[in-house]
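Reading the structure
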Amino acid sequence: MNFVRTIVAAGLVAASTSAFAADITGAGATFPFPIYSKWADAYKKETGNGLNYQSIGSGAGIKQIQAKTVTFGATDAPLKAEQLEKDGLVQWPMVMGAIVPVVNLEGIKPGELVLSGEVLGDIYLGKIKKWDDAAIAKLNPKLKLPADAITVVRRSDGSGTTFNFTDYLSKSNAEWKSKVGMGTAVEWPVGVGAKGNEGVAGNIGQTKNAIGYVEYAYAKQNKLTHTAMINKAGKTVQPTMEAFQAAASNADWAKAPGYYVILTDQPGEASWPITAATFILMHKAATDKAASQEAIKFFKYAFEKGDKMAEELDYIPMPDSVVKLIEKTWSSEIKS
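Residues numbered from 1 in each chain as written. Predicted model: local features only at pLDDT ≥ 70, side-chain atom pairs only at ≥ 80, totals over all residues. Heavy atoms only, no water.

A word on unusual backbone geometry. In this model, Asn 209 sits at a positive phi of 65°, which is unusual for a non-glycine residue. Mapped onto the secondary structure, Asn 209 falls in the loop between helix H8 (196-206) and strand E9 (210-215). By relative accessible area, Asn 209 is classed as buried at 16%. You will see that Asp 265, though not glycine, has its phi angle at about 55°, which is positive. (Helix = DSSP H or I, 4+ residues; strand = E, 2+ residues; numbered from the N terminus. Buried < 20%, exposed > 50% of the residue type's maximum accessible area, 1.4 Å probe, protein only.)

And the structure:
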């Protein structure tokens, strides 16, 4: 099954005078697809101009912008400043969200099952094989856990969601850090691979006794059972807008070269531990300047009018102070 989703709200209208709105093309992260889709629909209605965005995973999105086949790339795994310089790219955070473990367990309601980063790491290492394992039971003394084997689901494609998920596991499970580590793609010890947040969500929905990880909007839209998590402060937290905002409030965007900030395992009693930003990549000197200008207009619109739409899907809008920094970055670094 092909889980790649494309937003097509094309506003390409050629006239006899050759005056037309530039078609914006983008590709990459599946994490922000629900909100980019919502913004694209609203922008199309307001301006008549559209967006063609392929939800193909961060790894593929980075490759496409490097190859100059799209106006912008989208990634949840930010590139470091030296890589941006090498590729002639500008990077900024567009919106923040959260990754949640999701399960398909009979009789277990959303938020009832509690996991820690240590236990989650052991499940993905293949050390914890059954749902009634003592380590899971200890965190969930009141739940009736099945004695069934755990079906582990993970991403098969290069993924920024995986980058943030494995970064979190590396921070909370020493064995995971030493044996597997973090990255957009890793050597998974166990598990069934699925493509995109869409693929993982679909797989979990159809597979009894499965566990996976998805961006929160996918869990909500697919009515999946998310878990609660024990955060860095040792508190049990649910995935809520308040918990995501608590984690995001620690980000110091102004001092980060290329806005390179990782939001996993943040301090604070209320912080959701697997919070993440998603980023846009564009060339400083675009091949198609008209499309580049149109893309910036779309992103400006999203920052100015898209906050409520983002919050409705449980994404966290970028703070106004950060948006001002980003707009300065556009004017100083992108040649139009």
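Read on, since the account is not over.
Take the packing of aromatic side chains next. All chains considered together, the criterion is met by 21 aromatic pairs. Pairing Phe 303 with Trp 330 gives two aromatic rings, centres 6.0 Å apart and planes at 25°, and the pair type is stacked. Taken together, the positions of Phe 303 in helix H11 (residues 289-305) and Trp 330 in helix H13 (residues 320-333) put the pair 27 residues apart, joining distant regions of the chain. Considered together, Phe 303 and Trp 330 belong to a single accessibility category, that of buried residues. Taken together through their ring pairs, the aromatic side chains of Phe 33, Tyr 36, Trp 39, Tyr 43, Tyr 53, Phe 72, Trp 92, Phe 298, Phe 299, Tyr 301, Phe 303 and Trp 330 make up a single cluster. (Phe/Tyr/Trp six-rings, centres within 6.5 Å; stacked < 30°, edge-to-face > 60°.)

The next subject is the sheet that holds strand E6 (residues 114-115). Spatial strand order, E6-E11-E12: 3 strands in an open sheet with mixed pairing. Bordering the open sheet on either side are E6 and strand E12 (236-237), each of which pairs with just one other strand. Where E6 lies against strand E11 (residues 228-230), 2 bridges are found, and the strand directions are parallel. Bridge pairing in E11 links Leu 115 to Met 229. (Pairing = 2+ DSSP bridges.)

Let's shift gears to the side chain of Asn 49. By the secondary structure assignment, Asn 49 is in the loop between helix H1 (33-47) and strand E3 (51-55). Within the structure, the side chain of Asn 49 is placed 3.0 Å from the side chain of Glu 294, a separation counted as a polar contact. (Polar contact = N/O pair within 3.5 Å; in protein donor to acceptor, adjacent residues only side chain to side chain.)

A few words now on the pattern of salt bridges. Note that side chains of opposite charge can pair when their charged atoms are close. Evaluation of the coordinates by the stated rule reveals 15 salt bridges. Residue Glu 175 is joined to Lys 127 by a salt bridge in which the shortest nitrogen-to-oxygen separation is 2.8 Å. Of this pair, Glu 175 sits in helix H7 (residues 174-179) while Lys 127 sits in the loop between helix H4 (117-125) and helix H5 (134-139), and the two are 48 residues apart along the sequence. Take Glu 175: its relative accessible area is 23%, and that puts it in the partly exposed class. A salt bridge links Lys 255 to Asp 252, with the shortest nitrogen-to-oxygen separation between them at 3.9 Å. Here the residues in one salt-bridge network are Asp 122, Lys 127, Glu 175 and Lys 179, joined through shared partners. (Salt bridge = Lys/Arg side-chain N within 4 Å of Asp/Glu carboxyl O.)

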